[in-house]
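Secondary and tertiary structure notes
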Amino acid sequence: MILRCKTSIRALRGEPDRETPSPGGPESPDGRPGESPELSDAETGGVLVCRACRSRITRRDFAMEVNGSHRHVFFNPHGLVFELGCFASAKNLLPAGPETDEFTWFPGHRWQVVLCTGCSSQLGWRYVGEAGGFFGLILKALAEEEAGIRG
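No experiment lies behind these values; they were computed from the predicted model shown.

1. Brief notes about the sheet that holds strand E1 (residues 47–50)
The strand order E2-E1-E9 describes an open sheet built from three strands, whose pairing is antiparallel. Whereas interior strands pair on both sides, the edge strands pair on one side only; in this sheet they are strand E2 (56–59) and strand E9 (142–144). Recorded for the sheet is a direction-independent mean angle of 35 degrees between the axes of neighbouring strands. Note that E1 and E2 share three bridges and pair antiparallel. When the sheet's bridge partners are listed, valine 47 is paired in E2 with arginine 59.

Following this line, the structure appears as structure tokens:
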């Protein structure tokens with residue numbers, strides 16, 4: 001049985017809780033509001049939503065290359081295979097668990113699981129390093145929002 005605790009250790013210590021997502025527009029991987037435009041029906045790229053609950057997560061034009069590629073295929077220590085897309089900005093994601101550099105797929109970056117705020121599905125990982133950060137999102141957990149549908 002897995003139990004999830006919504007109260008962070010920082011909150012228990014009376015420190016600011018960095019794990020609480022800020023409302024509004026896209027966020028950078030360090031949790032600060034991004035300078036990118038709102039995830040709307042943008043002219044430049046399709047909106048990507050959580051496949052399970054249709055919460056808006058990111059846009060195709062936030063895709064970025066890390067180590068020379070946008071898409072990466074990795075397996076974890078349990079043998080599960082993940083195809084990730086790297087994105088500079090995302091929203092409606094809740095970091096879960098501690099940051100770690102154990103078994104990192106991107107050397108020089110710590111990672112932290114990110115969950116959809118709408119349904120708690122794991123959508124990928126947040127990566128943070130000295131030179132900045134990004135989101136590695138599980139591509140099959142996302143879907144392109146159909147035109148005219150607002151979430």
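2. Looking at the nonpolar core
Among the nonpolar cores identified, the biggest contains 28 residues, and Ile57, Leu84, Leu93, Trp105, Phe106, Trp125 and Leu137 are the most heavily contacted of them. Residue assignment for this core shows that the elements contributing at least two residues are E1, strand E4 (81–87), strand E6 (109–116), strand E7 (122–129) and strand E8 (132–138). Residues contacting tryptophan 125, with those up to four places away along its chain left out, are Phe82, Leu84, Trp105, Trp111, Gln112, Val113, Val114, Phe134, Phe135, Gly136 and Ile138.

3. Examining a nonpolar patch on the surface
Residues Val73, Phe75 and Val81 make up a contiguous nonpolar surface patch of about 350 Å² in total accessible area. Taking the relative accessible area as the measure of exposure, phenylalanine 75 reaches 60% and is therefore exposed.

4. Comments concerning the sheet that holds E4
Reading across from one edge, E3-E4-E8-E7-E6-E5 is the order of the six strands in this open sheet, with antiparallel pairing throughout. The two strands at the open ends of the sheet, each matched to only one other strand, are strand E3 (71–75) and strand E5 (93–100). Ignoring strand direction, the axes of neighbouring strands in this sheet form an average angle of 30 degrees. Of the pairings in the sheet, the one linking E5 to E6 comprises five bridges and is antiparallel in character. If you follow alanine 96 over to E6, its bridge partner there is valine 113.

5. A word on the pairing of E4
Burial within E4 is extensive, with five of its seven residues counted as buried. Here five bridges tie E3 to E4, and the two strands are oriented antiparallel to one another. Paired with phenylalanine 74 across the two strands is phenylalanine 82, which belongs to E4. Linkage of E3 to E4, two consecutive antiparallel strands, is achieved through a turn of five residues, within which glycine 79 is found at a positive phi near 85 degrees. Sheet topology places E4 next to E8; four bridges connect them, and they run antiparallel. Each bridged residue has a counterpart across the sheet, and for glycine 85 the counterpart in E8 is leucine 137.

Reading the values: the criteria
Here the residue numbering is sequential within each chain, running from 1 through the sequence in written order. Residue-level local features of this predicted model are given only where pLDDT is at least 70; pairs of side-chain atoms are given and counted only at 80 or more, and the full residue set underlies all totals for whole chains, interfaces and linings. To get the side-chain values, all heavy atoms of the structure are used, and hydrogens and water are removed first. Two strands make a pair as long as DSSP finds a minimum of two bridges between them. Here a strand is any run of E in DSSP of at least two residues, a helix any run of H or I of at least four, and the numbering for each starts at the N terminus. Axes here mean lines fitted to C-alpha atoms, for a helix over just the part in contact, with angles spanning 0 to 180 degrees between N-to-C directions. Nonpolar cores are built from buried Ala, Val, Leu, Ile, Met, Phe, Trp, Tyr and Cys residues. Side-chain atoms within 4.5 Å join them into one set. Any residue under 20% of the maximum accessible area for its type is buried, any over 50% is exposed, and the rest in between are partly exposed; the area is computed with a 1.4 Å probe on protein chains only. We call two residues in contact whenever any of their non-hydrogen atoms come within 4.5 Å of each other. Candidates for patches are residues over 30% relative accessible area with no salt bridge; among them, like charges are joined within 9 Å and nonpolar side chains (Val, Leu, Ile, Met, Phe, Trp, Tyr) within 5 Å. Here the accessible surface of atoms and residues is derived via Shrake-Rupley with a 1.4 Å probe, and residues count as covered only by protein chains that are part of the display. By convention in these notes, a salt bridge is any Lys or Arg side-chain nitrogen within 4 Å of a carboxyl oxygen on Asp or Glu.

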